[in-house]
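An overview of the molecular structure
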Amino acid sequence: MAKVNAEPYDFELSIPKTALVMIDFQRDFVYPGGFGESLGNDTSLLLRAVGPAQKVLNACRAAGMFVIHTREGHRPDLSDLPRAKRERGNAPLRIGDKGSMGRLLVRGEYGHDIVDELHPIEGEPVVDKPGKGAFYATDMDTILRMRGVEKLIVTGVTTEVCVTTSVREANDRGYDALVLEDCVGSYFPEFQQSALAMVKAQGGIFGWVSDSARFLAALEAARGEMVSMAAATR
Ligand code: TIU
């Protein structure tokens, strides 16, 4: 079986049992004028992850791998927004307030949607989540299980918030998760490093870490294996 060179050790890649998970690549996080900036962050650091993630997305689509996207946000009437989440941070603009890309983190608004480069296509489910984790109050687990998915390739923003919260949730539900370090982004370089270190420490306590180049090489090998297997059974 094809293997992704990864830390703390190689990650076995089976295209039919794997999903590419694109976490919260929303304008509200990666562009100025959105929720991320309202919290006082420099959004330019997150944009760095978009190019590598686009390469991975295109390659996974070409390989026929299942792709699933998530978005963090709330109902327009904010009935699913906890008071604690709205009030925390004391930001000048809060969730539900109007910013330059629409109401912050509200479903249906321009800023809440996924950036053009990574926009979902037909056949790729979009999971709308009210929390940081992709599995909390969503049908993420059901969708993955219906497809027979056991392994996750994880990209998205931000590394130490929604990405690793989702990886921890996935770990407790029995999934193997591989995080691609150049396809995840944080507003804080030091948190990017420490969050990834926590995933792979202790023999991969939450999962594995690799990068887009090593993943793409393994994906090519896995596609080759599938072609040879199909030829052998003909
Ligand atoms: N603030 C921050 O770093 N992240 C979030 O609020 N949500 C996600 O990570 N998606």
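A brief structural summary.

**Describing the overall build of the protein**
Along the protein, the regular secondary structure elements total nine helices and 10 strands. For a compact globule of 234 residues, the expected C-alpha radius of gyration is about 17 Å, and the protein comes in at 18 Å, within 12% of that figure. Along the first, second and third principal axes, the C-alpha atoms of the protein reach 60 × 35 × 30 Å. Restricting to contacts in the protein with at least 6 residues of sequence separation, those with at least 24 account for 76%. In the form shown here, the protein has an accessible surface area of approximately 10500 Å², with 53% of it arising from carbon and sulfur atoms. If the 27 positive side-chain charges of the protein are averaged to one point and the 32 negative ones to another, these points end up 2 Å apart.

**Examining helix 9 (residues 212-232)**
Between its first and last C-alpha, helix 9 extends 30 Å over 21 residues, near the 30 Å set by a 1.5 Å rise per residue. Buried within helix 9 we find Ser212, Arg214, Phe215, Ala218, Leu219 and Ala222. Summarising the axial view, the buried residues of helix 9 lie within an arc of 145°, below the 170-degree limit, and thus occupy one face. Turned more than 90 degrees off the buried face of helix 9, the exposed positions are Ala213, Glu220, Val227 and Ala232. Packing partners of the buried residues in helix 9 comprise strand 1 (3-4), helix 4 (50-63), strand 8 (151-157), strand 9 (176-185) and strand 10 (208-210). The N-cap of helix 9, judged by a side-chain oxygen 3.3 Å from the amide nitrogen of Ala213 a few residues on, is Asp211.

**Notes on the pairing of strand 9**
Judged by how many residues are buried, strand 9 sits mostly within the fold: seven of 10 residues are covered. The pairing of strand 8 with strand 9 spans six bridges and is parallel. Paired with Val154 across the strands is Val179, a residue of strand 9. Traced from strand 8 through helix 7 (residues 159-172) to strand 9, the parallel crossover comes out right-handed.

**A short note on the sheet that holds strand 10**
Pairing is parallel across the open sheet formed by six strands, whose spatial order is 7-4-3-8-9-10. Both outer strands of the open sheet, strand 7 (126-129) and strand 10, are each paired with one neighbouring strand and no more. On average, each strand axis in the sheet is tilted by 25° relative to the strand beside it, whichever way the strands run. Judged from the three bridges that link them, strand 9 and strand 10 form a sheet pairing that is parallel. From the neighbouring strand, Leu180 faces strand 10, where its bridge partner is Ser210.

**Section: the layout of surface pockets**
Estimates place the volume of the largest pocket at around 460 Å³. Lining the largest pocket are 24 residues, and of these Phe35, Leu39, Glu72, Lys132 and Val161 sit closest to its centre. For the lining of the largest pocket, the elements supplying multiple residues, two or more each, are helix 2 (35-38), helix 5 (83-87) and helix 7. When its residues are assigned to classes, the lining of the largest pocket shows 12 nonpolar, five polar and seven charged. Of the volumes computed, that of the second largest pocket is approximately 170 Å³. If you trace the second largest pocket, you find it lined by Leu45, Arg48, Ala49, Glu181, Asp182, Val184, Gly185, Ser186, Phe188, Pro189 and Gln192. Those elements that place two or more of their residues in the lining of the second largest pocket are strand 9 and helix 8 (189-204).

**Remarks on the pairing of strand 3 (residues 18-23)**
Across the six residues that make up strand 3, a large majority, six, are buried. Residue alternation in strand 3 divides its side chains into two sets, Thr18, Leu20 and Met22 and Ala19, Val21 and Ile23, and both sets are buried. Pairing between strand 3 and strand 8: six bridges, direction parallel. Residue pairing for strand 8: Leu20 is matched across the bridge by Ile153. As paired strands, strand 3 and strand 4 (residues 66-72) are joined by five bridges and run parallel to one another. Paired with Ile23 across the bridge in strand 4 is Thr70.

Conventions used here
Position numbers for residues start from 1 in each chain and track the written sequence from start to end. Whole-chain, interface and lining totals are the exception, using all residues; otherwise, since this is a predicted model, local features are given only for residues with pLDDT of at least 70 and side-chain atom pairs are given and counted only at 80 or more. Water and hydrogen atoms play no part in the side-chain values, which are based on all heavy atoms of the structure. Working definition: helices are DSSP H or I runs of at least four residues, strands are E runs of at least two. Numbering for both runs from the N terminus. We compute the radius of gyration from the C-alpha atoms alone; for a globule the expected value is 2.2 Å times N to the 0.38, where N is the number of residues. In what follows, a contact means two residues having at least one pair of non-hydrogen atoms within 4.5 Å. Only the protein chains shown count as cover for residues, and the accessible areas themselves come from Shrake-Rupley with a 1.4 Å probe. The charged-residue count follows a simple rule in which Lys and Arg add positive charge and Asp and Glu add negative charge, with His and chain termini not counted at all. Note that the charge is assigned to NZ on lysines, CZ on arginines, CG on aspartates and CD on glutamates. A helix is expected to reach a length of 1.5 Å times the quantity of its residues less one. Throughout this description, buried means an accessible area under 20% of the type-specific maximum (1.4 Å probe, protein chains only), exposed means over 50%, and partly exposed covers the range between. Regarding the arc, it is the one traced by the directions from the helix axis to the C-beta atoms. Counted as a polar contact is a pair of N or O atoms within 3.5 Å, where, for protein atoms, one must be capable of donating a hydrogen and the other of accepting one, and residues adjacent in sequence contribute only when both atoms are in side chains. Paired strands are those between which DSSP finds at least two bridges. By convention, orient the strands away from the viewer: a clockwise path from the first strand over the helix to the second makes the crossover right-handed. Angles run from 0 to 180 degrees between N-to-C directions of axes, and those axes are lines fitted to C-alpha atoms, restricted for helices to the stretch in contact. Using a grid of 1 Å spacing that covers the protein atoms alone, one calls a set of points a cavity when a 1.4 Å probe fits there but cannot get out, and a pocket when the set is open and has protein on both sides within 12 Å along at least five of seven lines; lining residues are those with an atom within 4 Å of a point. Grid points are joined across faces, edges and corners, and a volume is the space filled by probe spheres set on the points. All residues other than Ala, Val, Leu, Ile, Met, Phe, Trp, Tyr, Cys, Pro, Asp, Glu, Lys and Arg, Gly among them, are scored as polar; the first ten of these are nonpolar and the last four charged.

Shape descriptors only; they carry no functional weight alone.
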